Amino acid sequence: MQDTLRTRMGWLHAWVGFAAGLLLFCVFASGCLAVFDTELTRWLQPEASPQTEAFSPQSLDHVLPAVHDLLVQGEKPFITLPSRRDPYLRLEHHDGHEFLTVPYNPKTGERLTVRATAGGTFFYDLHYTMRSGVYGETLVAFVGLALLLTIGSGIIIHLKGLVSDLMLLRPFAARLRAWLDVHVVAAVVFLPFILLMAYSGTFIRARTLFPPVSYLASIENAFRTSVPSTPRRPEKSAVSIPPSFPPLAPLVAEAERTIGAGQTGYILFQPQNILISRTDASGPLLTREHVDFSAEDGHVLRHVLLPGAITHTEQVLKGLHYARWTGVGMRWLYFISGAMGAVMFASGSIIFLMKRRRQSGERLMFRIAEGLAIGSIVGLPLGTLAFFWANRLLPVALHDRPLAEGHVFLAVWVLSAVSGMVWSLLGRPFQGWKIQLFCLAGLGLFLTPLDVATRPGVTFFHVPTVFAATDLVAFFLALVSFQMARRL
Amino acid sequence: MTFEISSAARSRRSGAIVSSPARRWIWRAVFVFALVWMAAHFITLGALKWGPPVRHDATVLGQMIAVAAFPLLFLLAFGTRNPLRGGIIAGVVGVVALLAVLLHS
């Protein structure tokens, strides 16, 4: 191999891309589902009908006893106000993994009887932590940097043919050529989106990679023997929670006078304060501007809005990444672009394996790599569909139901990875790909019948809803998987 | 790729010991990674000194620059024909960033 700029960049693109690409596939796939987290929560709680009554601010007071209970348990509850995207009043809190949500009637404040679920925010947590807390967050941020490197090296490799490759797709050419076309078309057409997501996503989690403290100080602290120099202070007394909260409707009206009519989105409860925050849907700047009230008597404490050009730049980057301000059309564009990003990683990994199969196909490391690829590229969608199936099939009265849904997801994913690895180590990787792709096609194909059979109040002639969209996407995934399995 | 396979096969047939550039590139990538990572770290730390007076803004600015600079600097340092030149580029940026941390009053 000659030592030229193109070969160096090709080597970097292939190895960094493959090593990070398997995880980045999961990040992009879960990210494009997280764009529709609110809508998916509605699919996962089918008892709440698509239409409901108009919001009445007086209904908020009926949620307060449940808020109080959560505060006593040490949680940080918040109410999400109804919006065009979700017509229900929702009481939410973070359970350490995802935001658990309970819907309330927006007019009466009556709690709706729906199944407990991890909801669409399951994919949000998966997207940026891989459900592994701060370690997962660091790893995802790190592969974000690797993605920036891979994009840069990819641009250098394809610089000459960047424009001509835009229109070049030969699905019936030789397999390697066809996969290469898919990879280049997905990467080049959606390059601006992928670049924006890679940079903004890595920047949002940059504190895990580049903290504003010296690594030397961190290492010193890690090795320093901790000897308490002073006697331990007595435990700080717990902050008292008022027995009752002031009525919320006047507080919302007061907050709207400051941040604009119809601009309130969340009411966050702390033991001593009630924070009414601007909705994320108000614009591309994710300002999280809020008006704070006393939890005792409801008087205004402060209005918090961070000023400055740098803060605004940060807010724009977050707003563009989270896309909570967008309409349905833009949300679908994000979904398709994210899915194409996932296709780019999957096709890149397949090309990596195809190019090396003849030379290294018998090597143990190659077989492990292919097993991992099966576990990632097919395993994650399998786990995702299993999550949807579990949501409808697990008993509604099951204790810790949200956790059980997550366990089903992880169990199927691990099973897929182990099975892929075993087939690969046995020297029959195609069998592994085929079986799992057929399973994926089956789960996707039968999701619509499952939805129709287990959703209360099914009607075929109603406005387009999240149910139809989710079922159609699963059906499309099934068709693609079936075709891929057939052509292998 | 065709060239790669035939070259490897030729060298195997002739029994000649050919040092693969890929092996050199691994060490080069590790070396460049270490230098560029330290440069990005010093940029984040330095932003607190030379950046805006508000700590939050300074941290955000430093991280914005670090995340953008990391891939650019890495590709620049890894892309040069002469490995020493690449190392010098990344090293100089790192030293300048370190000096900005140490010397800025």
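Residues numbered from 1 in each chain as written. Chains lettered and ligands numbered in written order. Predicted model: local features only at pLDDT ≥ 70, side-chain atom pairs only at ≥ 80, totals over all residues.

Comments concerning the overall build of chain A
Counting its regular elements, chain A contains 18 helices and 7 strands. The globule rule puts the C-alpha radius of gyration for 488 residues at 23 Å, and the 25 Å found for chain A is close to it. Its C-alpha atoms give chain A principal-axis dimensions of about 75 × 65 × 45 Å. Counting the 488 residues in chain A, one finds 40% classified as buried. Contacts in chain A between residues at least 24 apart in sequence constitute 70% of all its contacts with a sequence separation of at least 6. (Helix = DSSP H or I, 4+ residues; strand = E, 2+ residues; numbered from the N terminus. Rg over C-alpha atoms; globule rule 2.2 N^0.38 Å. Buried ≥ 20, exposed ≤ 12 C-beta atoms within 10 Å, placed from the backbone. Contact = placed C-beta atoms within 7 Å.)

Things to note about the overall build of chain B
In terms of regular secondary structure, chain B is built from 4 helices and 0 strands. Start at the N end of chain B and walk to the C end: the helices and strands fall as α-α-α-α. Counting across all 105 residues of chain B, residues that qualify as buried make up 35%.

Describing the interface of chain B and chain A
Each side of the interface is counted separately: chain B has 31 residues, and chain A has 26 residues. For the side of chain B that touches chain A, the secondary structure elements donating two or more residues are α1 (2–14), α2 (21–50) and α3 (55–79) of chain B. If you tally residues by element for the side of chain B that touches chain A, the top one is α3 of chain B, at 16 residues.

Digging into the domain arrangement of chain A
The domains assigned to chain A are domain 1 (1–36 + 120–212 + 322–360), domain 2 (51–116 + 247–297) and domain 3 (362–488). Using only C-alpha atoms to locate each centre, domain 2 of chain A and domain 3 of chain A end up separated by 34 Å. (Domains from an automatic or database assignment.)

Things to note about the pairing of strand β3 (residues 99–104) of chain A
Residues and elements named next belong to chain A. Of all 6 residues in β3, 5 are buried; the element is thus mostly enclosed. Two strands pair when backbone bridges link them, and strand β2 (residues 89–94) and β3 are joined in this way by 6 bridges, in the antiparallel orientation. Looking at β3, one finds that Glu92 is bridged to Thr101. Between β2 and β3, which pair antiparallel and follow one another directly, the connecting turn spans 4 residues, one of which, Gly96, has a positive phi of 100°. (Pairing = 2+ DSSP bridges.)

Considering the confidence of the model for chain A
Detailed reading of the predicted coordinates is not advisable wherever pLDDT is low. Residue and element names in this part refer to chain A. Per-residue confidence for chain A gives a mean pLDDT of 90; residues scoring 70 or more make up 93%. When pLDDT is averaged over each element of chain A, helix α14 (residues 379–393) comes out on top at 97 and helix α9 (residues 215–223) at the bottom at 74. Confidence drops under pLDDT 50 across residues 233–237; counting only partners more than four residues distant or on other chains, this segment forms 0 contacts. (pLDDT = per-residue confidence, 0-100.)

Describing the UniProt feature "transmembrane region" (unreviewed entry) in chain A
The UniProt record annotates "transmembrane region" (unreviewed entry) at residues 12–36, 139–157, 178–199, 332–354, 366–388, 408–426, 435–454 and 460–482 of chain A. In residues 332–354 of chain A, helix accounts for 100% and strand for 0%; the two terminal C-alpha atoms are 32 Å from one another. (UniProt positions renumbered as here; feature names shortened; annotations may be inferred.)

Considerations on the nonpolar core
Ranked by internal contacts, the top residues of the largest apolar core, which has 112 residues, are Leu24, Phe25 and Ala342 of chain A together with Val36, Ala39 and Phe74 of chain B. By residue number, the principal contributor to this core is helix α1 (residues 5–34) of chain A, which donates 16 residues. Two domains each put at least three residues into this core: domain 1 (1–36 + 120–212 + 322–360) and domain 3 (362–488) of chain A. Ignoring any residue separated from it by four or fewer positions in sequence, one finds Phe74 of chain B in contact with Leu149 of chain A together with Val32, Phe33 and Val36 of chain B. Formed by 25 residues, the second largest nonpolar core is a distinct cluster that contains Ala48, Leu71, Leu248 and Leu275 of chain A. (Core = buried A, V, L, I, M, F, W, Y, C linked by C-beta atoms within 7 Å.)

So, the environment of Arg324 of chain A
Mapped onto the elements, Arg324 of chain A comes out in the loop between α11 (309–322) and α12 (328–360). Sequence separation between Arg324 of chain A and Val35 of chain A is 289 residues, and the spatial gap between their C-alpha atoms is 7.9 Å.

What about the environment of His93 of chain A?
Residue and element names in this part refer to chain A. Structurally, His93 is set in strand β2. Overall, the presence of 17 C-beta atoms within 10 Å leaves His93 in the partly exposed class. Distance from His93 to Pro77, taken between C-alpha atoms, is 4.7 Å for residues 16 residues apart in sequence. Ignoring sequence-local partners within four residues, the contact set of His93 consists of Leu70, Glu75, Lys76, Pro77 and Leu100.

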